[in-house]
Amino acid sequence: MGLCCQVSFAKTTFTYQISGLKGNALNNAKTRLDAEIQHAGTDPSATELMLIYEQANTTIQDAIKPFGYFKAHVQSRMKKQNGQWHATFYITPGPVLYIRQMDIRVSGAGASDAAFIAFQRELPLHKGDPLNVEAYDNIKSRFFKLAQDEGYITAQITQKELSIDLIRYEARIILYFDTGQRFYFGKTIFDSPYFDPEFLARFLPYAKGDPYSAQSVLKAQSNLNDSGYFKSVSVTPKSDEAKNKQVPVDITLIPKDSQAYHVGGGYGTDTGIRGTLGWDWNNITPTGQHFSALLEGSLVQNNLQGTYYIPGADPLKQQYTLGAGLQTEDINGQSRTANVSSGYQFNTDTWQRNINLAYQVEKFHLEDEPEESTHLLLPSFSLSRIDADNTIFATNGNRLSFITKGSIQQLASSISFFQFDVQDKFIRTFFEDNRFILRGEYGYTRTSDLSLLPLSQRFFAGGSQSIRGYSYRSLGPGKFLILGSAELQRRIYHEWYLVGFVDTGNAFDESDKQLSQLKTGTGGGVMYASPLGPLELTLAHAYDPHEKGYRVQFTMGADL
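Because the structure is a prediction, the values reported are computed rather than measured.

A few words now on the overall build of the protein. For the protein, the count of helices and strands is 6 helices and 28 strands. On C-alpha atoms alone, the protein measures out to a radius of gyration of 33 Å, which is more than a quarter above the 24 Å that the 2.2 N^0.38 rule sets for 560 residues. The principal-axis extent of the C-alpha atoms belonging to the protein is close to 100 × 70 × 45 Å. Split into buried and exposed, the 560 residues of the protein put 40% on the buried side. For the protein, contacts bridging at least 24 residues in sequence account for 54% of all contacts bridging at least 6. Counting only carbon and sulfur atoms, one obtains 53% of the accessible surface of the protein, whose full area is about 29200 Å². Side chains of the protein give 52 positive and 58 negative charges; the mean places of these two sets differ by 6 Å.

So, in C-alpha cells, the structure goes:
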C-alpha cells in the first residue's frame, strides 16, 4: 500500500514515497503533495524543499480526511544522497469515520417521478458507510444533472448539512432537494437563410410539448452537426424566456458552400498511380437534396459516378438515391460498363442497410476470348456493420458486410444468376503493442453459364487487399470465392510496426475441389500508422509454380 514518485527540476531531483495508504485516499494525497512541489517552481532551493517536507504531514492529513480518516498519524524522514533528496512518509490512517445519520429527501413535482425514485434508490452513499466527501458531492451533482435531463430546470437544494463530530467520531448528512415544476419544450425557431424549417425539424429528437431535457438539446446540436449540411450550428434554449412552463429554443445555422471540389491522388501496387476528382453540389433544394459526382482514374480502372440524394423522413438514418455511372477495367481482359440505379438506404445505430435496383449494360471479354455484351436488371440488398474504437486506425474493431444480388433472364436481362458475398475483418490489440488482424470472405454465384456473366459480377482473387504474393485479380474468375488472412503487427518504434502474415484462398468454379485449389501467400513488412490510416509495405511469396520470386505490395487507407 504505497507509492513512489519522482519530480525532476532543472538541477534537483526530489523523490518521495508514501506507505500505508491505498485507493482514492492515496491518489488524493499524491495529488496534493505534487501540487505543493510544483508550486515551488522549476529550481527550488534546499530551504524550499525542506519547507515542503515540513508541511507535508499536514498536507497528507488534510488530503485523506474527505475519505473518513480524521485520526491519521504521519511519520516522515528525508535524506540527501548523491545530491538528490528523498522523503518517506509512513501513514497510520487510524479508524475510519462512519455515517451515523443520513437524511436525503426529494420534494416538488418530480418527487413521484420514476427517475427521482430510482435516484434515491441508487445513492452511492448510505447510513453506516465510511464518510466519503467525493460521493457526497457526487450525489448533489447527479441530482442537478437528472433534474436538467428530466425538465426540472429550477431545481434547487433547500437544505444541506455535512457535520462531523470528532468526539463521537461520526458524521451526519442532510440533503433536501426540491425539483420545482417540470418544464417542456416550446417553439423551436430556426435562423437559417435557406433550409425549410419543416426539414430541419426532422433532425430534432424532441417535439413541442415534450418534457424539456438538456440531453435532447445536446442531441439536437449533434444531429445537425452530423447532417453534413452546415458549417456551424448553435442550439440555444431560452429558459429565462419560458412562459407557461414552455422553454423556447433558438437554432442558428450557417450552411455549407453550395459548391465543393475534392482532388486526391495516390499509388498502389494493384492499380499503379491513381487520382480522384470530386464535385459536390450542396443545397439544391430547401429540403436537403444534393448531388455528388466522382471521377476515379488509374492505369487499370476508371470510374465516373454521379449520385442524387433525397433525404428520408429521418435524414440521419434514411435517404433515397438516384445514380448513373460509367466504368472501365483492363485487368486480365477488358470490361466497359454503363448503369443507372435507384436505391434506399436505412440505418440503425448498429447496421446500415441498402436496397438498390440498377440497370446495367456491359461489354467484356477475357484475354483470348471473344467479346460478349449483356444487359441486366439487377436488384441487390446489402447489410453492413462497423463496431470499432477508431475506423481509421482501430486498436479493437470489427467490420461485417453481406451483399446479395441477381437477375432473371425473363425480366429485362441477358442471363439469370444469383450471388451472395459475406466479408468480415476482425482487429484486436493485446499487450498494448501487438495488433492481430483476421480477414475472411466467402462468395457464391449460381448461374447456368459463367461465360455469359459480366466480368463486373464475377469473383477474382489476388492482390494487396486479397492474397498477397499474387498479382491483382490474377486468380479467377470463378463462381466461388474463398479468402482468409491472419496478420500480426508488432510496434517497434512510435507509430511503426513490423508485420507478418499468411493469406490463402482462390476464385474457382468447382465446389467439390475448393480445398485443393487454395492458393497461399506469406510474407512480412512494415506498417506506419498515419493519420490517414495504415500505410503498409510488404514483401510476399506465393506458393505457386506460376508465381516466381517475391512480390512487393503497398496499401494505404482506413482500417475499417
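In space, the 3 strands of this open sheet follow the order β8-β10-β9, with mixed pairing throughout. In this open sheet, the two edge strands, each paired with only one partner strand, are β8 (184-191) and β9 (230-237). For this sheet the average axis-to-axis angle between neighbouring strands, irrespective of direction, equals 20°. The pairing of β9 with strand β10 (residues 246-255) spans 7 bridges and is antiparallel. The residue of β10 that forms the bridge with S234 is T252. Taken strand by strand, helix α6 (residues 214-226) contacts β8, β9 and β10, and its axis lies near 165° from that of β9.

This next bit is on the pattern of salt bridges. Once their charged atoms are close, side chains differing in charge can pair, the charge on each being opposite to the other. Tallied over the entire structure, the rule returns 19 salt bridges. Across the pair K140 and D137 runs a salt bridge, and its minimum N-O distance is 3.3 Å. With a gap of 3 residues between them, K140 and D137 both fall in helix α4 (residues 133-150), about one helical turn apart. Residue classification places D137 among the partly exposed residues on the basis of a relative accessible area of 34%.

The next thing to look at is unusual backbone geometry. A cis geometry characterises the amide bond from G476 onward to P477, with omega recorded as 5°. Tracing the backbone shows P477 in strand β23 (residues 475-478). The phi dihedral of N244 is positive, around 55°, even though this residue is not glycine. Mapped onto the secondary structure, N244 falls in the loop between β9 and β10. In this structure N244 comes out as exposed when scored by relative accessible area, which is 75%.

By the element assignment, R100 lies in strand β5 (residues 98-107). When the C-alpha atoms of R100 and I173 are compared, they prove to be 8.6 Å apart, with 73 residues separating the residues in sequence. Once residues lying within four places of it in the same chain are set aside, the contact partners of R100 are K127, E170 and A171.

So, on to the sheet that holds strand β7 (residues 170-178). Here we have 3 strands laid out as an open sheet, ordered β5-β7-β6, and mixed in their pairing. Of all the strands in the sheet, the pair left with one neighbour each is β5 and β6 (156-165). Averaged over all neighbouring strand pairs, the angle between strand axes comes to 5°, with direction disregarded. Strand direction decides the pairing type here: β5 and β7, joined by 9 bridges, are parallel. The residue bridging D103 from the neighbouring strand is I174, located in β7. Each of β5 and β7 touches helix α3 (residues 114-121); the most contacted strand, β5, lies at about 180° to it.

Okay, helix α2 (residues 46-64) next. Between its first and last C-alpha, α2 extends 27 Å over 19 residues, near the 27 Å set by a 1.5 Å rise per residue. Residues L49, I52, Y53, A56, T59, I60, A63 and I64 constitute the buried set of α2.

All right, on to the packing of aromatic side chains then. According to the stated counting rule, one finds 30 aromatic pairs in the structure shown. Geometrically, the ring pair formed by F420 and Y442 is tilted, given 6.2 Å between the ring centres and 45° between the ring planes. With a gap of 22 residues between them, F420 in strand β20 (residues 417-430) and Y442 in strand β21 (residues 434-447) connect regions that are remote in the sequence. Residue class for F420 comes out partly exposed when judged on its relative accessible area of 23%. Here F480 and F508 contribute two aromatic rings whose centre-to-centre distance is 6.1 Å and whose plane-to-plane angle is 20°, an arrangement assigned as stacked. Of the two residues, F480 is situated in strand β24 (residues 480-493) and F508 in strand β25 (residues 496-508); the sequence distance between them amounts to 28 residues. Residue classification places F480 among the buried residues on the basis of a relative accessible area of 7%. Put simply, the rings of F402, F418, F420, Y442, Y444, F480 and F508 touch in pairs and so form one group of aromatic residues. Directly above the aromatic system of F393 lies the positively charged group of R435, at a separation of 4.0 Å from the ring centroid. The ring of F460 is capped by R473, whose NZ or CZ atom sits 4.0 Å from the centre of that ring.

Cut-offs used in this document
- Residues numbered from 1 in each chain as written.
- Predicted model: local features only at pLDDT ≥ 70, side-chain atom pairs only at ≥ 80, totals over all residues.
- Heavy atoms only, no water.
- Helix = DSSP H or I, 4+ residues; strand = E, 2+ residues; numbered from the N terminus.
- Rg over C-alpha atoms; globule rule 2.2 N^0.38 Å.
- Buried < 20%, exposed > 50% of the residue type's maximum accessible area, 1.4 Å probe, protein only.
- Contact = heavy atoms within 4.5 Å.
- Areas by Shrake-Rupley, 256 points an atom, 1.4 Å probe, with all protein chains shown as cover.
- Lys, Arg positive; Asp, Glu negative; His and termini not counted.
- Charge placed at Lys NZ, Arg CZ, Asp CG, Glu CD.
- Pairing = 2+ DSSP bridges.
- Axes fitted to C-alpha atoms, helices over the stretch in contact; angles between N-to-C directions.
- Salt bridge = Lys/Arg side-chain N within 4 Å of Asp/Glu carboxyl O.
- Expected span 1.5 Å × (residues − 1).
- Phe/Tyr/Trp six-rings, centres within 6.5 Å; stacked < 30°, edge-to-face > 60°.
- Lys NZ or Arg CZ within 6 Å of the ring centre and 35° of its normal.

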